[in-house]
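Residues per chain, in single letters:
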Amino acid sequence: MMDALVGRHGLELYQALAAAGKLPQRIVPAIRLDAGQTKDPAGAPAYARGLRREFEGVRGLRFGMVKAFLDGVIEYPAQTAAPLEPYLDGNGKPTANRGELYTSAAGYGRLTAAFNKAGRQLHAHGLGDRAVRTALCGYAYARRVTGQRDARNAVAHLQIVDPADLRRFAQLGVAACMQLQWAAQDTWTMDAPLPYIGPERHRWMYPARSLERAGARLTGGSDWPVDALQAWNQLRTATDRQGAYGTGELYREREGLSRSSVLRMHTAGTAWQLRQEGLTGTVEPGKAADLVLLDRDVTRCPVADISGTGVRMTLVGGRVVHDADSAAGRAAPARAARGGGPDRARRRTRRCTAVHGGARRPPPRVRPLIDTMSWMSVMGVMCWEAGGSDGR
């Protein structure tokens with residue numbers, strides 16, 4: 001699991017949990033850089049190095065990831081995400097607003113090179129296509145300077161990606177970390193952005209299948225606590241591009257993924273991004289027994305039924321950490337459902353603006369933000385029935 005927004009407070013929480021024997025997960029904490037640190041390729045590594053030295057003895061933590069924000073959010077009225085072309089005025093006319101880009105491609109390249117030389121990976125928040133391109137250009141610079149071909153840097157969210165940049169993910173070995181529970185028609189994918197970016201750019205919203213076809217390594221994340229932890233609705237939405245709460249399909253024919261692709265991006269794909277593919281991500285001899293036992297076969301059941309999947313048992317390293325038949329296990333579904341429902345978009349946007357809203361609105365001190373694979377807890381999947389199809 002990766003916690004994608006970690007500072008001293010979050011590390012102290014993990015330290016306390018580990019000391020109390022309440023941290024069964026393996027956590028990759030991504031040290032969050034503020035806007036000033038993102039522009040400081042000398043000071044930022046020293047800051048991250050200091051936190052690592054202080055907390056690297058905490059059982060269950062594996063350091064190596066750094067989080068940088070490149071832009072904000074695309075939805076009106078915030079419009080702090082950075083697009084290549086200006087936002088429209090709602091009536092099809094360009095404005096002077098190109099959002100907020102927190103560093104240049106050259107500056108991000110220098111930052112990335114400094115961390116990659118030290119064996120660290122960059123995990124960039126990039127929603128607008130200009131921010132995505134900035135990240136990719138920065139990674140290309142770092143690749144040239146350091147000579148590293150397996151840095152495994154990432155861009156997260158990818159709400160809009162310019163088609164000219166699709167192949168660059170594979171060419172640069174960059175992980176495309178997506179939160180595809182958002183890839184459904186609702187207020188925040190239709191009413192809030194469409195009049196302000198136009199249909200031509202809107203068509204490239206969360207272009208999962210286009211990235212896959214271009215050879216990108218897809219990985220999956222939750223973006224909790226901006227969104228509720230609803231793992232199986234996330235997998236369903238990645239497939240049918242509507243999910244349990246959408247009002248319609250968001251480019252399903254063009255961007256919907258197969259079930260096997262969705263499962264792979266959230267297991268083997270994420271393990272690769274976190275450099276844990278030798279330990280977990282697939283079920284095979286010699287790897288950790290990180291498994292979930294489900295109440296249905298998500299490769300065969302109707303797509304709409306994936307949202308309601310229940311986890312009967314969870315094992316981490318072969319140890320049972322969740323049993324649905326125990327008292328704690330029986331209470332888990334109610335906790336997991338909290339934050340879902342038809343008004344989830346309203347809550348998501350309020351949280352998203354607070355966390356991702358822009359340089360002028362710095363993120364508050366929040367709970368640890370488990371991004372990559374937090375909701376699944378493990379990177380192996382085991383259904384009641386073996387086998388399955390690749391049907392959508």
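These figures come from a predicted structure and were not determined experimentally.

A. Representation of the sheet that holds strand E9 (residues 311-316) in the model. What the three strands build is an open sheet, ordered E8-E9-E10; its pairing is antiparallel. Of all the strands in the sheet, just strand E8 (291-294) and strand E10 (319-323) have a single pairing partner and so form its edges. Along the sheet, successive strands turn relative to each other by an average axial angle of 20°, direction set aside. Sheet topology note: the E8/E9 ladder contains four bridges and is antiparallel. Residue pairing for E9: Leu 293 is matched across the bridge by Met 313.

B. Spatial organisation of the side chain of Asn 233. Note on placement: Asn 233 falls in helix H9 (residues 231-240). The exposure class of Asn 233 is buried, given its relative accessible area of 6%. Not counting residues up to four positions away in its chain, the partners in contact with Asn 233 are Gly 243, Ala 244, Tyr 245 and Ser 307.

C. Molecular detail of the pairing of E9. As paired elements, E9 and E10 share four bridges and run antiparallel to each other. Residue pairing across strands places Val 316 opposite Arg 319, the latter belonging to E10. Following E9, the chain reverses through two residues before pairing antiparallel with E10; Gly 317 in that reversal takes a positive phi of roughly 60°.

D. The arrangement of the packing of helix H1 (residues 8-19) against helix H3 (residues 43-55) in detail. At their nearest, the axes of H1 and H3 sit 11 Å apart, and the two run at 15° to each other. Between H1 and H3, the angle falls in the class roughly parallel. Between H1 and H3 the crossing geometry is right-handed. In this structure, H1 uses Arg 8, Leu 11, Glu 12 and Gln 15 to contact H3, whose residues at the interface are Leu 51, Glu 54 and Phe 55. Partitioned by chemical class, the residues of the contact of H1 with H3 number three nonpolar, one polar and three charged.

Rules used in this analysis
Residues numbered from 1 in each chain as written. Predicted model: local features only at pLDDT ≥ 70, side-chain atom pairs only at ≥ 80, totals over all residues. Heavy atoms only, no water. Pairing = 2+ DSSP bridges. Helix = DSSP H or I, 4+ residues; strand = E, 2+ residues; numbered from the N terminus. Axes fitted to C-alpha atoms, helices over the stretch in contact; angles between N-to-C directions. Buried < 20%, exposed > 50% of the residue type's maximum accessible area, 1.4 Å probe, protein only. Contact = heavy atoms within 4.5 Å. Parallel < 35°, antiparallel > 145°, perpendicular 65-115°, else oblique. Left-handed = near helix turned anticlockwise from the far one by under 90°. Nonpolar A, V, L, I, M, F, W, Y, C, P; charged D, E, K, R; others polar.

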